[in-house]
Amino acid sequence: MALKAKVLYDFHSENPGEISIAENEVVTLFSEEELEGWLEGENSRGEAGLFPASYVEIIRDHITSNNNGFSLTQTKVQTSYTSSQPHRGFGAGSSSFHTSQGSDDDWDDEWDDSSPVANVPQGLSSSPPLHPVATSLPGRGSSQQQQAKSSATVGRNLNRFSTFVKSGGEAFLLGEASAFVKDGDRICVVMGKHGPEWQEDPYPFTCTIDDPTKQTKFKGMKSYMSYGLTPTHTNVQVNRRYKHFDWLYGRLVERFPVISVPHLPEKQATGRFEEDFLSKRRKGLIWWMNHMTSHPVLAHCDVFQHFLTCGADEKAWKQGKRKAERDELVGANFFLTISPPSVPLDLQEVESKIEGFKTFTKKMDENIIVVNTSINEFGRKQISGFKKEYQKVGQSFKLLAQAFELDQQVFSVGLNKAISYTGESYEAIGEYFADQPRQDLDLISDLLDIYKGHLANFPDIIHVQKGALTKVKDCPKKEGELHDRCNIISFATLAEIQHFHRTRVRDFRSQMQYHLRQQISFFQKITAKLEDALQIYDDDQ
């Protein structure tokens, strides 16, 4: 006998492979097994596909009695959302969560604890969600169920690949977010000269990162690199490994769905102790740290401050780590922390700004690739081609000087030395060219790397905001009810865009100025070398 289910709430398909179902409709299930919160079946119109498991109740074969007489026993199927996104993972409505860009090796003892969620891959946990934001619909007959039924008519987008859902944006927009927000957790958006922006940081600070040092454990059987961090607001150094940065990154991405958390430099399985790799990684971490400490929101969040200030006290470190992993203000609940200006936004104007920014980021991303390719090619030419050509010319001059020495005329000695020195000068200039990319071009490449990460983040951030705008447009009867919450998402998104532009202008102005100064210094050094060679000819007269 085919397995049947009764539909509890309307669902309108929005993606290929989904089917629409209507309240009180009886559908046929192909299998009782869920696929990431979805069931596969056939509706009453004969259409086959996927629909949300939480929108139906499975009809069992046996009859049981209840207060109203007799009814079919029905088992509600709950749903959970998991993310396969490479850059952004969100906590709302998801199972136990751990975002990671990878670590260099196994966790230290200081990171091992009895937390049931520690290092559980997303979607594989058998325990309930760590942060139970109410994205799944409640049981029948409750007042909450009526609210969920009402919000269902708004038109949910429960595609498991939708960032709007995974971020918690939809749950917040439909009024399902619930958490206690302390005053210290409030994030203020203010109206600046050019639009919404994060409230200025009253206590700015920076953080230096020292060259890494090689450490060992297990009596020298295992090695790792440790970085000394010294924040200016404490002036106390703490030591962190790359995997500690990686753990922090995961927490931040989970906590802030509409903030662009800078990407960490890539990990490397082999050659982790090679000097060039360590130097490049440190430069990447310095850029990462600069972007973290200059962000008014990220710089002062609890988990980042714990990362910067907790020293060698293992107990305190574990307590802070567990607290961060049990943070309730993630996903949908994050938006509860936003305190927007009292001035309402024109959503049509917001949509126009978002579209303009989307076009900007696409163009910037394309041209970053062009610039990176060009400077990398130019750098390779300097390191190999230019160096080789200058050295070839230099050697030819030196050979000419050696030939002239065969004349053994007294009046020819000065000329011979001058030509030989000219050859040496050209060889030295070849070395200058080979060394120069490390002084300027590589630094531009490092800057482009951090911005490639930001540009990879923004499509998801924009998707959350556009999802909110779409819901408001699609539900004119509930527009007043949804408008305020859409305003909050829009204010936060526009504030983050404003911060991105300010940071971009600061970074690129500073880096291009530095690049040009280095280029001027470089060519002055070449000029000085050639003038020295020229002077020798004058001295010979």
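Rules used in this analysis
Residues numbered from 1 in each chain as written. Predicted model: local features only at pLDDT ≥ 70, side-chain atom pairs only at ≥ 80, totals over all residues. Heavy atoms only, no water. UniProt positions renumbered as here; feature names shortened; annotations may be inferred. Helix = DSSP H or I, 4+ residues; strand = E, 2+ residues; numbered from the N terminus. Buried < 20%, exposed > 50% of the residue type's maximum accessible area, 1.4 Å probe, protein only. Contact = heavy atoms within 4.5 Å. Areas by Shrake-Rupley, 256 points an atom, 1.4 Å probe, with all protein chains shown as cover. Salt bridge = Lys/Arg side-chain N within 4 Å of Asp/Glu carboxyl O. Pairing = 2+ DSSP bridges. pLDDT = per-residue confidence, 0-100. Polar contact = N/O pair within 3.5 Å; in protein donor to acceptor, adjacent residues only side chain to side chain. Core = buried A, V, L, I, M, F, W, Y, C linked by side-chain atoms within 4.5 Å. Domains from an automatic or database assignment. Axes fitted to C-alpha atoms, helices over the stretch in contact; angles between N-to-C directions. Parallel < 35°, antiparallel > 145°, perpendicular 65-115°, else oblique. Nonpolar A, V, L, I, M, F, W, Y, C, P; charged D, E, K, R; others polar. Patch = residues over 30% accessible without salt bridge, like charges linked within 9 Å, V, L, I, M, F, W, Y side chains within 5 Å.

Naming follows an unreviewed UniProt entry, where the protein chain appears as Sorting nexin of Haplochromis burtoni. Checking UniProt for the protein chain, the heading Sequence similarities (unreviewed entry) contains the comment "Belongs to the sorting nexin family." Among the UniProt annotations of the protein chain, the heading Subcellular location (unreviewed entry) holds the following wording: "Cytoplasmic vesicle membrane".

On to the overall build of the protein chain, then. The number of helices and strands found in the protein chain is 11 helices and 13 strands. Within the protein chain, the proportion of its 541 residues that are buried is 48%. In the protein chain, 72% of the contacts between residues at least 6 apart in sequence involve partners at least 24 apart. Accessible surface, the protein chain as shown: approximately 26900 Å² in total, 51% of it carbon and sulfur.

Time to look at the pattern of salt bridges. Under the definition given, this model contains 19 salt bridges. Here Lys473 and Glu351 are joined by a salt bridge, their closest N and O atoms 2.8 Å apart. Residue Lys473 is located in helix α10 (residues 441-474), and its partner Glu351 is located in helix α8 (residues 347-405); the two are separated by 122 residues in the primary sequence. Put simply, Glu366 and Lys362 hold a salt bridge, and the shortest N to O gap is 2.8 Å.

For the rest of this paragraph, the subject is the sheet that holds strand β13 (residues 338-339). Reading across the sheet, the three strands line up as β8-β7-β13 and stay open at both edges, with mixed pairing between neighbours. Both outer strands of the open sheet, β8 (195-198) and β13, are each paired with one neighbouring strand and no more. As paired elements, strand β7 (residues 187-192) and β13 share two bridges and run parallel to each other. Of the residues in β13, the one forming a bridge with Cys188 is Ser339.

Bringing the confidence of the model for the protein chain into the picture now. In the predicted model, the protein chain carries a mean pLDDT of 80, and 78% of its residues have values of at least 70. Of all secondary-structure elements in the protein chain, the lowest mean pLDDT belongs to helix α1 (residues 143-152), at 39, while strand β9 (residues 207-209) reaches the highest, 95. Low pLDDT, under 50, characterises residues 62-152; the predicted model gives this stretch 226 contacts beyond four residues in sequence or across chains.

Within the secondary structure, Gln436 sits in the loop between α9 (413-435) and α10. Separated by 2.6 Å, the side chains of Gln436 and Asp440 make a polar contact. Gln436 has contacts with Gln382, Gln518, Gln519 and Phe522, leaving out every residue within four places of it along the chain.

Here we take up the nonpolar core. Counting residues in hydrophobic clusters, the biggest one holds 83 residues, and the most contacted among them are Leu229, Leu252, Trp288, Met289 and Phe304. With 14 residues, α10 is the largest single contributor of residues to this core. For this core, the domains that each give at least three residues are domain 2 (195-339) and domain 3 (348-539). If we skip the residues at most four places from it in the chain, Leu252 touches Val261, Trp288, Met292, Leu298, Cys301 and Val303.

To continue, consider the packing of α8 against α9. For the pair α8 and α9, the least separation of the axes is 7 Å and the interaxial angle reads 170°. Taken together, α8 and α9 sit at an angle that is classed as roughly antiparallel. The residue inventory of the contact of α8 with α9, partitioned by class, reads 14 nonpolar, nine polar and six charged.

Another point: a nonpolar patch on the surface. On the surface, a nonpolar cluster with roughly 210 Å² of combined accessible area is contributed by Leu400, Phe404 and Leu415. Within the secondary structure layout, Leu415 lies in helix α9. Judged by its relative accessible area of 32%, Leu415 is partly exposed.

A few words on the pairing of strand β2 (residues 26-29). The sheet contact formed by strand β1 (residues 3-7) and β2 spans four bridges and is antiparallel. Within β2, the residue paired with Leu3 across the bridge is Leu29. Relative to strand β3 (residues 38-42), β2 runs antiparallel, the two being bridged by two bridges. Looking across to β3, one finds that Leu29 is bridged to Gly41.

To continue, consider the pairing of strand β4 (residues 48-52). Across the five residues that make up β4, a large majority, four, are buried. Of the pairings in the sheet, the one linking β3 to β4 comprises five bridges and is antiparallel in character. Residue pairing in the sheet places Gly41 in a bridge with Gly49 of β4. The turn joining β3 and β4, which pair antiparallel and follow one another in sequence, is formed by five residues; a positive phi near 85° is taken by Gly46.

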